[in-house]
Number of protein chains: 2
Amino acid sequence: MGLVSNSIGSEKKSAISPVDELPPYVSRRELTGKHTARRKQAIDTAAAIFARLGYQGASTRAIAEALGIKVASLYFHIASKEDALAEICLLGMQRSLDYLEEARRKTTLDEQIRHFFACQRDDLIHHADYVIVSIRDRDHLSDPAKNRIRDLTARFRITMDEMFVLAEARGELHPALTPRHGRFIMIGTLRGISEMYLSGVDLASNDIMDRWVETLIRGVVPENKSTGV
Amino acid sequence: MGLVSNSIGSEKKSAISPVDELPPYVSRRELTGKHTARRKQAIDTAAAIFARLGYQGASTRAIAEALGIKVASLYFHIASKEDALAEICLLGMQRSLDYLEEARRKTTLDEQIRHFFACQRDDLIHHADYVIVSIRDRDHLSDPAKNRIRDLTARFRITMDEMFVLAEARGELHPALTPRHGRFIMIGTLRGISEMYLSGVDLASNDIMDRWVETLIRGVVPENKSTGV
DNA sequence: CCTACCGATCGGTAGG
DNA sequence: CCTACCGATCGGTAGG
């Protein structure tokens, strides 16, 4: 589970991109919020450090060092440590919402569940740092950022409820469950899977996640309504 | 979800227990490890603060303040912040292991699963702080403490594998699953449920957890082998 | 992008 | 159980 995937930090002296190397100490901040490539690199690095040490355990010094710069320079790219966290969480949650809206276009509940978790597995593998941080450190967000996150989770909740309501109408939801139960169990399973990945279980090289998802489908979809796999 | 349940901190001046009030500044430490009632109170309070702010976000000052004493005095009862964490995690994990060993004495897999999660739900409700901290802050333990935890999780794993192996022999494990799959899915579901509780879902006053567990059983136990509920 | 610095807070200890 | 204190580190800024 290689953190800080591509070794940043050594390219300080190499002239990979001669542009924006040593920008002649320009006015000052203001443009902090802009999405330059270097800023993206800073956020990526912050995500990697947060994922490994936790938001509170990660120092801005450690992030700067991983980037090969000093703290003061880091603050040219991010407005604050908390600001970096907010961006990481928003990106992580946005992706989950995208996957869900994609999955909803499938025609049966079991296919929808399979598709959603397949996307999430790939996401865990390719953007593990973002997923981990947005789950584990969400509650360290500032209040304004928390509100923006709340918007996303509300949309996520609504989309998933709609999916389960339609499935129920098609007779594809087990009679013991309401759509709300379905949503709780599905989000909870996603959390369980993410936590398992976080604790070091490699989901890429075994079939645990597939079997888990099929087990979930057996519990959620009445037998005669499941299309099998 | 009342943290720091019974208001400590005000009894500093009241002479509830005249013993050990202002112990004539005895030799010094050494007995730090002893299990006095006041020590238990200190660990309980630490668990509450850790649960609310996270291990790294919780200061020893905050713990001391909640106890109504100064930091220096706190260190009379605990050897270090990390030491308090270790004790909290060990107590939390030990209980899970006890529940599992109790559940294993049931005769069918679905009853075993039901019993285990019923115990865990009560545990979440009555010892939420310990459960939360031992899940969320486990990785901040010192190496020696980590090893002691590893012993417990190893025994937990073995016990659960044994339970699933016997269930498989009785034909009570779904043919798509190995005992190892069963263990992963069950521990993962426990984590998902705990995370859900942690994020504010009140498991005591609704049926979400029951329905979730029944959904798990439908996915894990072949239909003709389930005793229903 | 840097040097140099800020006040605040951290975990922990001396010594009584 | 306290007062008084320690060195280290924190997030962040001034100013170029």
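Throughout this document, residue positions are counted from 1 along each chain, in the order its sequence is written. Chain labels run from A onward and ligand labels from 1 onward, assigned in the order the entries are written. Reporting in this predicted model follows two pLDDT cut-offs: at least 70 for local features of residues, and 80 or more for side-chain atom pairs to be given and counted; totals over whole chains, interfaces and linings ignore these cut-offs and use all residues. Side-chain calculation: all heavy atoms of the structure are included, whereas hydrogens and water are not.

The name an unreviewed UniProt entry gives chain A is AcrR family transcriptional regulator, with Novosphingobium fluoreni as the organism.

J.: I'm lost on helix H5 (residues 109–126) of chain B in this one. Help?
T.: Within an α-helix, residues lying three or four positions from one another point in the same direction, as the helix has 3.6 residues per turn. Residues and elements named next belong to chain B. Each helix corresponds to a stretch of at least 4 residues labelled H or I by DSSP, and each strand to a stretch of at least 2 residues labelled E; elements are numbered beginning at the N terminus. Any helix carries an expected span of 1.5 Å times its number of residues minus one. Counted at 1.5 Å a residue, the expected span for H5 with its 18 residues is 26 Å, and the 26 Å between its end C-alpha atoms agrees. Regarding H5, the residues found buried are Leu109, Asp110, Gln112, Ile113, Arg114, Phe116, Phe117, Cys119, Gln120, Asp123 and Leu124. Considering only its buried residues, H5 is in contact with helix H4 (81–104), helix H6 (128–136), helix H7 (143–169), helix H8 (179–198) and helix H9 (208–220). Three exposure classes are used, based on accessible area relative to the maximum for each residue type with a 1.4 Å probe and protein chains only: buried under 20%, partly exposed in between, and exposed over 50%. Residues count as neighbours in contact if any of their non-hydrogen atoms are within 4.5 Å of one another.

J.: What is the right way to look at the UniProt feature "DNA-binding region" (unreviewed entry) in chain A in this model?
T.: UniProt positions are given in the numbering used here, feature names are shortened, and annotations may be inferred rather than shown by experiment. As annotated by UniProt and renumbered to match this structure, "DNA-binding region" (unreviewed entry) occupies residues 59–78 of chain A. Taken as a whole, residues 59–78 of chain A contains 75% helix and 0% strand, while its terminal C-alpha atoms sit 14 Å from one another.

J.: What should I look at first to understand the protein's contact with DNA strand C in this one?
T.: Note on definitions. A residue lies near a molecule or strand when any single heavy atom of the residue is within 4 Å of it. The environment of DNA strand C is formed by 20 residues, the closest being Ser73(A), His77(A), Arg61(B), Tyr75(B) and Lys81(B). Taken together, the sugar and phosphate atoms account for 44% of what DNA strand C places within 4 Å of the protein. Think of a polar contact as two N or O atoms within 3.5 Å of one another; within protein, one of them needs to be a possible hydrogen donor and the other a possible acceptor, and neighboring residues in sequence only count if both atoms come from side chains. Contacts to DNA strand C include His77(A), whose side-chain N or O atom sits 3.3 Å from a phosphate oxygen. Backbone polar atom of Ala58(B) to a phosphate oxygen of DNA strand C: 3.2 Å apart, as the coordinates give it. Among the elements of the structure, helix H3 (71–77) of chain A together with helix H2 (60–67) and helix H3 (71–77) of chain B are those that each provide at least two residues to the surface near DNA strand C.

J.: Is there a simple way to explain the environment of Thr227(B) in this structure?
T.: Residue and element names in this part refer to chain B. Here Thr227 lies in the segment after H9. A relative accessible area of 47% means that Thr227 is categorised as partly exposed. In this structure, the C-alpha to C-alpha distance between Thr227 and His174, residues 53 residues apart in sequence, is 14 Å. Non-local contacts of Thr227, meaning those with residues more than four positions away in its chain, are made with Thr108, Asp110, Glu111 and Arg114.

J.: Before we go on, may I ask you to explain the interface of chain A and chain B in this structure?
T.: Many analyses report the size of an interface as the accessible area lost when the parts associate. Between chain A and chain B, the contact holds 29 residues from the first and 29 residues from the second. Both faces considered, chain A and chain B share a buried interface measuring about 2,700 Å² in area, 61% of it formed by carbon and sulfur atoms. Once two parts are joined, some of their accessible surface, as seen by a 1.4 Å probe, is lost; buried area is that loss totalled over both. Of all residues in chain A, Phe184(A), Arg191(A) and Arg218(A) give up the largest surface area on contact with chain B, accounting jointly for 20% of the area buried on that side. Whenever Lys or Arg places a side-chain nitrogen within 4 Å of a carboxyl oxygen from Asp or Glu, that contact is recorded as a salt bridge. Taken together, the connections running from chain A to chain B amount to two salt bridges. If you look at where chain A meets chain B, you find twelve residue pairs in polar contact (both at pLDDT 80 or more). Looking at the side of chain A that touches chain B, the elements that each hand over two or more residues are helix H8 (179–198) and helix H9 (208–220) of chain A. It is H8(A) that provides the largest number of residues to the side of chain A that touches chain B, a total of ten residues. In this count, Pro and Cys sit with the nonpolar residues alongside Ala, Val, Leu, Ile, Met, Phe, Trp and Tyr, while Asp, Glu, Lys and Arg are called charged and the others, Gly among them, polar. Here the residues of the side of chain A that touches chain B are counted per class, giving eleven nonpolar, eleven polar and seven charged.

J.: Just checking my understanding: could you explain the packing of aromatic side chains for this structure?
T.: Both the distance between ring centres and the angle between the ring planes are used here to describe each pair of aromatic rings. The pairing test for Phe, Tyr and Trp rings, Trp by its six-membered ring, is centres within 6.5 Å, and the orientation test on the planes gives stacked under 30 degrees, edge-to-face over 60, and tilted for anything in between. Applying the stated criterion across every chain, the model contains six aromatic pairs over all chains. Here Phe116(A) and Phe156(A) contribute two aromatic rings whose centre-to-centre distance is 6.1 Å and whose plane-to-plane angle is 55°, an arrangement assigned as tilted. Residue Phe116(A) is found in helix H5 (residues 109–126), and its partner Phe156(A) is found in helix H7 (residues 143–169); the two are separated by 40 residues along the sequence. A single burial state applies to Phe116(A) and to Phe156(A), both of which are buried. Taken together, the aromatic side chains of Phe116(A), Phe117(A) and Phe156(A) make up a single cluster linked through ring pairs. Note on criteria: charge over ring means Lys NZ or Arg CZ within 6 Å of the ring centre, with the direction from the centre no more than 35 degrees off the ring normal. Above the face of the Phe184(A) ring, Arg183(A) is positioned so that its terminal group lies 5.2 Å from the ring centre. Between Arg95(B) and the ring centre of Tyr130(B), over which it is positioned, the NZ or CZ distance is 5.5 Å.

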